[in-house]
Amino acid sequence: MPNIKSNISFALVNIPVIMNPIIRNNDTNFNQLHKKCLERIKYIKYCPHCRKNVSEKDIVKGYEYENDNYLVLEKEELDKLKPENDKTIEIVGFVDIKEIDPVLFEKSYVLETDGKSKAYNLFCNALKKTKKVALAKTIIGSKFYYCVLRLTNFGIIMTTLYFDEEVVIDEKEIETNYKDKELNMAVQLIESLSIKFNPEEYKDEYQNNIKNAINDKLDGKKIKSKKSKPKEQVNNLMSALEKSLKKYK
């Protein structure tokens, strides 16, 4: 969904923006084929009760409130339930980004505007000066989201958030069933393996292998499996830490 027109509602200030996704799927696309004749497989919507194919206009949404019993909600009824100003990115407050656990981050969009937009530039510099991010709510497609607006080198990035009830992990207390010496060695190992993160250095090895294999197969070559080196197994924790430190110092 590129070039979605929207507005940032900053109290009584209205900032027109264009929303674009910033992630492009890197996966190699495959079609499903019939093994016998290599014809593409088609997916047909079929009603087993009526024993016939069904067109899109004859499909409705139903909520199963009991086993095999459905409550139908028409599109017009669902539209009535949408919040007002559904095309607006309505700011509800400002928070410190550290207060939001990254596990809640879902999908990111860049919010662009005319470079001469005084309101947009003012908002950017206000975020920069306060070092805050905006918590907002909006609708994308047919789904309601809370989201975060933060200033980056690319302009304002809007990241949609998962709701708390969608996150299915529980907080856990970290036990201290180790020795102080083991902890000190683990800290040293972390320090010796500390690096600077440059995202352009990290490539999708599996997708690159697939692309190379496709080219090889088109050229009539056989696909060879990658040989992996056996990894040394050290069962004793202290020995594993000592050998790791010696290897990576």
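What you see is a predicted model, and the numbers here were worked out from it, not measured in a lab.

### Quick notes on the overall build of the protein
Item 1. A tally of helices and strands in the protein yields five helices and eleven strands.
Item 2. A compact globule built from 249 residues should have a C-alpha radius of gyration of about 18 Å, whereas the protein, at 26 Å, is more than 25% larger.
Item 3. Principal-axis analysis of the C-alpha atoms places the extent of the protein at approximately 65 × 65 × 45 Å.
Item 4. Looking at the protein as a whole, 19% of its 249 residues qualify as buried.
Item 5. Accessible area for the protein stands at about 21,600 Å²; split by element, carbon and sulfur atoms hold 52% of it.
Item 6. Across the protein, the mean location of the 44 positive side-chain charges is 10 Å away from that of the 38 negative side-chain charges.

### Structural notes on unusual backbone geometry
Item 1. For Ala11, which is not glycine, the phi torsion reads 55° and is therefore positive.
Item 2. Note on placement: Ala11 falls in the loop between strand 1 (4–10) and strand 2 (13–21).
Item 3. The residue Asp68 is not glycine, and still its phi comes out positive at about 65°.
Item 4. With respect to the helices, strands and loops of the structure, Asp68 is situated in the loop between strand 5 (61–66) and strand 6 (69–73).

### Description of the pattern of salt bridges
Item 1. Taken as a whole and assessed by the stated rule, the structure comprises two salt bridges.
Item 2. The partner of Lys45 in a salt bridge is Glu56, with the nearest N and O atoms 2.8 Å apart. Of this pair, Lys45 sits in the loop between strand 2 and strand 3 (46–47) while Glu56 sits in the loop between strand 4 (52–53) and strand 5, and the two are eleven residues apart along the sequence.
Item 3. Among the residues examined, Glu56 registers a relative accessible area of 55% and is labelled exposed.
Item 4. Among the ionic pairs, Lys57 bridges to Asp58, the shortest N-O distance being 3.7 Å.

### Brief notes about the pairing of strand 5
Item 1. Pairing geometry for strand 5 and strand 6, over five bridges, is antiparallel. When the bridges of strand 6 are listed, Lys61 appears paired with Leu73.
Item 2. Linkage of strand 5 to strand 6, two consecutive antiparallel strands, is achieved through a turn of two residues, within which Asp68 is found at a positive phi near 65°.

Rules and cut-offs
- Residues numbered from 1 in each chain as written.
- Predicted model: local features only at pLDDT ≥ 70, side-chain atom pairs only at ≥ 80, totals over all residues.
- Heavy atoms only, no water.
- Helix = DSSP H or I, 4+ residues; strand = E, 2+ residues; numbered from the N terminus.
- Rg over C-alpha atoms; globule rule 2.2 N^0.38 Å.
- Buried < 20%, exposed > 50% of the residue type's maximum accessible area, 1.4 Å probe, protein only.
- Areas by Shrake-Rupley, 256 points an atom, 1.4 Å probe, with all protein chains shown as cover.
- Lys, Arg positive; Asp, Glu negative; His and termini not counted.
- Charge placed at Lys NZ, Arg CZ, Asp CG, Glu CD.
- Salt bridge = Lys/Arg side-chain N within 4 Å of Asp/Glu carboxyl O.
- Pairing = 2+ DSSP bridges.

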